[in-house]
Amino acid sequence: IRTVSFEVAGGGNCANTLTAVSRLGLPCSILTKIGDDCTGKQITSELEGDGVDTSNVIVQQNMNSPFTYVLTEKRGGTRT
């Protein structure tokens, strides 16, 4: 598959909801486990930047944080 661009963005049901709640001015927190890797650091940094309390995030050594690739077809905008 040939790509013309690459973009990294947070998301998912939990993160999207917490971000929306925080932007409405309500306090919110996440309790989860992530890996001690670049992806995990990006996840916590993005949530903290949106005002989500990440003090209950457990960081596990030797664990990969979850991520998903979403491919978007340029002409039709369809996603896979």
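Only a predicted model underlies this, so the values are computations on that prediction, with no experimental measurement involved. (Residues numbered from 1 in each chain as written. Predicted model: local features only at pLDDT ≥ 70, side-chain atom pairs only at ≥ 80, totals over all residues. Heavy atoms only, no water.)

Undergrad: Looking at this structure, how should I read the pairing of strand 2 (residues 53-60)?
TA: Two faces, one strand: in a regular strand the side chains alternate between the faces of the sheet. The sheet contact formed by strand 1 (residues 29-35) and strand 2 spans six bridges and is parallel. Bridge pairing links G35 to Q60 in strand 2. Chirality of the crossover, the property in question, places the unit of strand 1, helix 2 (residues 38-49) and strand 2 among those that are right-handed. (Pairing = 2+ DSSP bridges. Helix = DSSP H or I, 4+ residues; strand = E, 2+ residues; numbered from the N terminus. Right-handed = clockwise from strand over helix to strand, strands pointing away.)

Undergrad: Help me understand the environment of R23 in this model?
TA: Position of R23 among the secondary structure elements: in helix 1 (residues 13-23). The class for R23 is exposed, based on a relative accessible area of 62%. Between the C-alpha atom of R23 and that of V52, which follows or precedes it by 29 residues, the distance is 9.3 Å. At a separation of 3.3 Å, a polar atom in the side chain of R23 contacts the side chain of D50. (Buried < 20%, exposed > 50% of the residue type's maximum accessible area, 1.4 Å probe, protein only. Polar contact = N/O pair within 3.5 Å; in protein donor to acceptor, adjacent residues only side chain to side chain.)

Undergrad: How do you make sense of the pattern of salt bridges when you look at a structure like this?
TA: Close approach of charged atoms lets side chains of opposite charge pair. Across all of its chains, the model carries two salt bridges by this definition. When the shortest N-O distance is used, the salt bridge between D50 and R23 registers 3.3 Å. Taken together, the residues span a long stretch of sequence, with D50 in the loop between helix 2 and strand 2 and R23 in helix 1 at a distance of 27 residues. Judged by relative accessible area, D50 falls into the partly exposed class, the value being 22%. We note a salt bridge from D36 to K41, for which the minimum N-O separation is 3.6 Å. (Salt bridge = Lys/Arg side-chain N within 4 Å of Asp/Glu carboxyl O.)

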